[in-house]
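Residue-level structural notes
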Amino acid sequence: MNKTFDVVVVGAGYIGCATAYYLSKAGLKTALVERGEVAAGASRANYGNIQVQDAELEYSLPMILRGYQKCLQIEEELVHPVKLRKLGSLLVIENPKQWEIMSARQKKLAEAGIHAELVPSEHLHEIEPMINPSETIGALYHPDEAQIFPFDLMWAYIRRAQTFGLALLTNTEVIDFQIQSGRLTGIHTTQGEISTGNVILTTGAWTRKLGKKIEKDWAIYHFHGQSLVTEPLQYTFQNHISSAAFFEDMQEEIASGDSAILAIAQAWHGNMLLGEASFPSEALASHATPGAPQVIAEQFERFFPKFNNLRVLRGWASPVAYTPDSLPYLGPVADLPGLILATAFRSTVIVTPLTGQTITQLITTGKTDLDISPFSPDRKVVS
C-alpha cells in the first residue's frame, strides 16, 4: 500500500473517529488508521458517560462546558441516533476528608456556573432510591450530565465520514514516521507507506510508545483498568455513580491492584457497567487480573445490596491513559511540523465533538477558537 492523504488520523477511538469525520467533512482527503479494529483500545471499555463535574478545574472548564453543549447536539449533527439520554451524576462521599474535598470542589464549580449540590446521606434516596446510605456520608450531585452508547457514536462518525470520502484502514499499525527536512511527511505501517503532510495521534495509552520512535518522551502513562458487565436490570438508575475517592491521593491503594473504586453506570439496554479496579502498568495489556472481578462486585454490593443476585456476564480490561497534571495533550508538536496530538483526556466523551472540530480548525486555518495552550504537547509536566 502506497497512498497519499491530506491528513492521517491514527487511532479509531472516540477522538479519532470524531476528528476523522470533521476533517473529511471539511473537504480534506483523510485516512483513519487503526492498529486493530474500531474502538480496540480504551474506547471499547468506556461507559459512554458525558461527565461535567469531575473536570480538571484550573484549565479544562471552558473545554468541558463547550463540549457538553456540542454533545447534546450530536444526534442532529450526525443524523443518527446514538442513544443519547440525560442523567445526573453522584460523586459518593465516604469519609470526612472526601467531604472537604467535594465541598471545595462544589464552590469552584459554582464559580464556573455549574450547579452541583452537596447532599447528606439521609437524602440520597431522593436522588437514587436504591443506594445504601449507610455506606456514605453524602454525595456531590450534579443533575445535568448525559450518556451515549459508545459504539453507536463511533460508527456514526465513521459512516458519515465515509460519505465525505474517509478511508478507514484497520489492522494497520504504525511502525515509524517519515521525516524530511525537519517536517513529518508520512508514516510507515504494517500495510505499507502512507504519505501525508499532517498526522494526528489520538492513540491514548499507545502515544508514549509512538513518541519514542521520534525521541519524544511525553508524560502519558496508563492504568490497567478493569470493569464488569451484568445481565440486564429492569430498574432504571437515574445517575451514573462514582466515588469521591477518585479525587484523593490513593497511590498506595491502587498500586497493589487489589482494590476497586466505585464507578457504575447503567447501559441503555439495562446492563450494569461496574468498576473499577485499576493499577499503574507499563504493559499495554487487555487481560483481567484474577482478583479484580471479586473486588469490583463487592464494591457494587456495598452500595447497592438489593442487586447482589445480579449475574455477571463478562469482564474486560484496557490500558487507560492519564497524565500527572490531569491535562490532555492537545495541539501541535512545536519542533516537528505536521504532527498533532489529541489524547489522554481525563473525560473523553464530553470533549469528543469539540476536539474533532478544534483539530480541523487548527489544520484548515492555523488557529483555534478554543485556547489549547495549557494542553501543549511541549509543556513541562512533572511526573
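Above this text you will find the structure in question.
For clarity, every value in this text was computed on a predicted model and none was experimentally measured.

Below, the discussion takes up the overall build of the protein chain. The helix and strand inventory of the protein chain stands at 9 helices and 19 strands. The C-alpha radius of gyration of the protein chain comes to 21 Å, within 12% of the 21 Å expected for a compact globule of 383 residues. In terms of overall dimensions, the protein chain has a C-alpha envelope of 65 × 45 × 45 Å along the principal axes. Sorting the 383 residues of the protein chain into buried and exposed places 57% on the buried side. Contacts spanning at least 24 positions in sequence make up 74% of the contacts within the protein chain whose residues lie at least 6 apart.

What follows concerns the pairing of strand E15 (residues 260-266). Within E15, 7 of the 7 residues are buried, leaving the element largely enclosed by the surrounding structure. Neither face of E15 is exposed, since Ala260, Leu262, Ile264 and Gln266 on one face and Ile261, Ala263 and Ala265 on the opposite face are all buried. Direction of pairing for E15 relative to strand E16 (residues 271-277): antiparallel, over a ladder of 5 bridges. Counterpart to Ile264 in the pairing with E16 is Leu274.

Attention shifts here to the pattern of salt bridges. When their charged atoms lie close together, side chains carrying opposite charge are able to pair. Here the structure, examined in full by the defined rule, presents 8 salt bridges. Here Arg302 and Glu135 are joined by a salt bridge, their closest N and O atoms 2.8 Å apart. Of this pair, Arg302 sits in helix H8 (residues 292-303) while Glu135 sits in the loop between strand E6 (117-120) and strand E7 (138-147), placing them 167 residues apart in sequence. Note that Asp335 is salt-bridged to Lys216, the shortest N-O span being 2.7 Å. Placement of the pair is Asp335 in the loop between strand E18 (329-332) and strand E19 (339-343) and Lys216 in the loop between helix H6 (207-211) and strand E13 (221-232), with a sequence separation of 119 residues.

Before going further, it helps to examine the environment of Arg35. Position of Arg35 relative to the elements: it lies in the loop between strand E3 (30-33) and strand E4 (49-50). Setting aside anything within four residues of it in sequence, one finds Arg35 in contact with Asn171, Thr172, Glu173 and Trp206.

Here the focus is the pairing of E13. The element E13 is largely enclosed, with a buried count of 11 among its 12 residues. Where E13 lies against strand E17 (residues 312-322), 10 bridges are found, and the strand directions are antiparallel. Each bridged residue has a counterpart across the sheet, and for Leu228 the counterpart in E17 is Gly315. As paired strands, E13 and E16 are joined by 5 bridges and run antiparallel to one another. Bridge pairing in E16 links Gln226 to Ala277.

Structurally, the position occupied by Gln226 is in strand E13. Since its relative accessible area comes to 2%, Gln226 is described here as buried. Within the structure, Gln226 has its side chain in polar contact with the backbone nitrogen of Thr289 (distance 2.7 Å). With sequence-adjacent residues up to four places away left out, Gln226 is seen in contact with Gly275, Glu276, Ala277, Phe279, His287, Ala288, Thr289, Ala292, Ile296, Trp316 and Ala317.

The rules we used
Residues numbered from 1 in each chain as written. Predicted model: local features only at pLDDT ≥ 70, side-chain atom pairs only at ≥ 80, totals over all residues. Heavy atoms only, no water. Helix = DSSP H or I, 4+ residues; strand = E, 2+ residues; numbered from the N terminus. Rg over C-alpha atoms; globule rule 2.2 N^0.38 Å. Buried < 20%, exposed > 50% of the residue type's maximum accessible area, 1.4 Å probe, protein only. Contact = heavy atoms within 4.5 Å. Pairing = 2+ DSSP bridges. Salt bridge = Lys/Arg side-chain N within 4 Å of Asp/Glu carboxyl O. Polar contact = N/O pair within 3.5 Å; in protein donor to acceptor, adjacent residues only side chain to side chain.

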